[in-house]
Amino acid sequence: MLTPLRWTDGALEMLDQRILPTRVEWIRYTTAEGVAEGIREMVVRGAPAIGIAAAYGMALAAHSRSDLKSADAVLRASRPTAVNLFWALDKIQALGTDHPDQILAMAKSIEQDDLEMNLAIGRHGAELVPKAANILTICNTGALATAGHGTALGVIRSAFAGDKEIHVWSCETRPRQQGLRLTAFELMHDKIPFNSISDGMAASLMRAGKVDFVIAGADRIAANGDTANKIGTYMLAVLAKHHGIPFAIAAPSSTFDLSLANGDLIPIEERTGTEITHIEGVQVAPDNCPVFNPGFDVTPGELITYIITENGVFRPPFQFK
Ligand code: MRU
């Protein structure tokens, strides 16, 4: 099974997602600071995976008798939008111990629970997918973004493994190209039929009747169902509404932030402009080109047809609190 993280010989190894699929390399981390850097630089990415990595980061800090408060703080500062990071660190804090074995056991159980939640999401979500479906998705929400199987991509996997005839339209997902690099890699690995497309193609495919179902993951879901996910997701939800196509969000309960009444309160990460001006380290824009690079957007709950969690399928109007 594909996995973004592995705990080996007292260290956390991350599959370097910055260079996949052309190179498969693992980076070994032995400190919480290192793990925070790996999360910030997107060696590991995807909401559930960064939560799991942070929990292992705390286990590393406990093993080396480092100050757990500052380890927690450095991990919390690594990326702001995905609430799974804070959820996982809260779970470690709630243990109320600095015992390394107990913290490591909790990190392992967060990882195992995530896999089980994804398999349940896959089962619930697959029932919503039409018998023969062209499914459009964005970013990478698969095994690489989670403990395994995936959320939105997990639904696609489960539907494909069942009796559904599936074809996927996988959006490139500029600027970091998680769709083109990572989702394509996973779909090929599982031999699921698909085409990679550039982000701007979604509207014309929908208008041509070539999309039956849209599904995306989530980084944070507010109490009213407003959902932050990879930049470009909102655009797909508006398009799906216009064309009368179901738009689903798939996420585990660890992605819900019920302390926030609505999506306006979700912090949106802004990343360096070089992600836009450079591709694979090659400058493609004029020198000093001004850019704006938010990593996520918020899709209002009223545009979402289904929110699929491990506990079942929710339909609007959403009120999770
Ligand atoms: O910037 P990334 O690659 O961490 O963003 C990932 C996404 O937006 C995913 O859709 C989300 O985290 C869900 S992953 C199961």
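These figures come from a predicted structure and were not determined experimentally. (Residues numbered from 1 in each chain as written. Predicted model: local features only at pLDDT ≥ 70, side-chain atom pairs only at ≥ 80, totals over all residues. Heavy atoms only, no water.)

Participant: Break down the overall build of the protein for me, with residues and values.
Facilitator: Summing up its helical and strand segments, the protein has 10 helices and 16 strands in all. Taking 20 Å as the expected radius of gyration for a compact globule of 321 residues, we find that the protein reaches 19 Å, a close match to that expectation. Overall size of the protein, expressed as C-alpha extent along the three principal axes, is 60 × 50 × 40 Å. Within the protein, buried positions represent 58% of all 321 residues. Taking contacts inside the protein between residues at least 6 apart in sequence as the whole, the part at least 24 apart equals 74%. Here the protein has roughly 13,300 Å² of accessible surface; of this, 54% comes from carbon and sulfur atoms. Of note, the protein has its 28 positive side-chain charges centred 3 Å away from the centre of its 36 negative side-chain charges. (Helix = DSSP H or I, 4+ residues; strand = E, 2+ residues; numbered from the N terminus. Rg over C-alpha atoms; globule rule 2.2 N^0.38 Å. Buried < 20%, exposed > 50% of the residue type's maximum accessible area, 1.4 Å probe, protein only. Contact = heavy atoms within 4.5 Å. Areas by Shrake-Rupley, 256 points an atom, 1.4 Å probe, with all protein chains shown as cover. Lys, Arg positive; Asp, Glu negative; His and termini not counted. Charge placed at Lys NZ, Arg CZ, Asp CG, Glu CD.)

Participant: Which residues make up the pairing of strand 6 (residues 194–197), and what values go with them?
Facilitator: Of the strand pairs in this sheet, strand 5 (residues 165–171) and strand 6 are connected by four bridges, and their pairing is parallel. Paired with Val168 across the bridge in strand 6 is Phe194. As for the winding sense of the linkage, the β-α-β connection from strand 5 through helix 7 (residues 178–189) to strand 6 is right-handed. (Pairing = 2+ DSSP bridges. Right-handed = clockwise from strand over helix to strand, strands pointing away.)

Participant: Before we move on, can you summarise a nonpolar patch on the surface with the specific residues and values?
Facilitator: A cluster of nonpolar side chains, Ile279, Val282 and Val284, forms an exposed patch at the surface whose accessible area comes to about 240 Å². Along the chain, Val282 turns up in strand 13 (residues 282–283). (Patch = residues over 30% accessible without salt bridge, like charges linked within 9 Å, V, L, I, M, F, W, Y side chains within 5 Å. Salt bridge = Lys/Arg side-chain N within 4 Å of Asp/Glu carboxyl O.)

Participant: Kindly report on the side chain of Thr141, identifying the contributing residues and their values.
Facilitator: Assignment of secondary structure puts Thr141 in the loop between strand 4 (132–137) and helix 6 (152–161). Here Leu153 takes part through its backbone nitrogen, which lies 2.9 Å from a polar atom of the side chain of Thr141. Those residues within four positions of Thr141 in sequence are excluded, and the remaining contacts are Thr146, Gly150, Thr151, Ala152, Leu153, Gly154, Thr183 and Gly217. (Polar contact = N/O pair within 3.5 Å; in protein donor to acceptor, adjacent residues only side chain to side chain.)

Participant: Run through the packing of aromatic side chains, naming residues and quoting values.
Facilitator: Applying the stated criterion to the full structure yields five aromatic pairs. Ring geometry for Trp7 and Tyr56: centres 5.3 Å apart, planes at 20°, overall stacked. With Trp7 in strand 1 (residues 5–8) and Tyr56 in helix 2 (residues 47–63), this residue pair connects regions lying 49 residues apart in the sequence. The positively charged end of Arg6 is found above the aromatic ring belonging to Trp26, 3.8 Å away from the centroid. Between the NZ or CZ atom of Lys230 and the centre of the ring of Phe296, over which it lies, the distance is 4.1 Å. (Phe/Tyr/Trp six-rings, centres within 6.5 Å; stacked < 30°, edge-to-face > 60°. Lys NZ or Arg CZ within 6 Å of the ring centre and 35° of its normal.)

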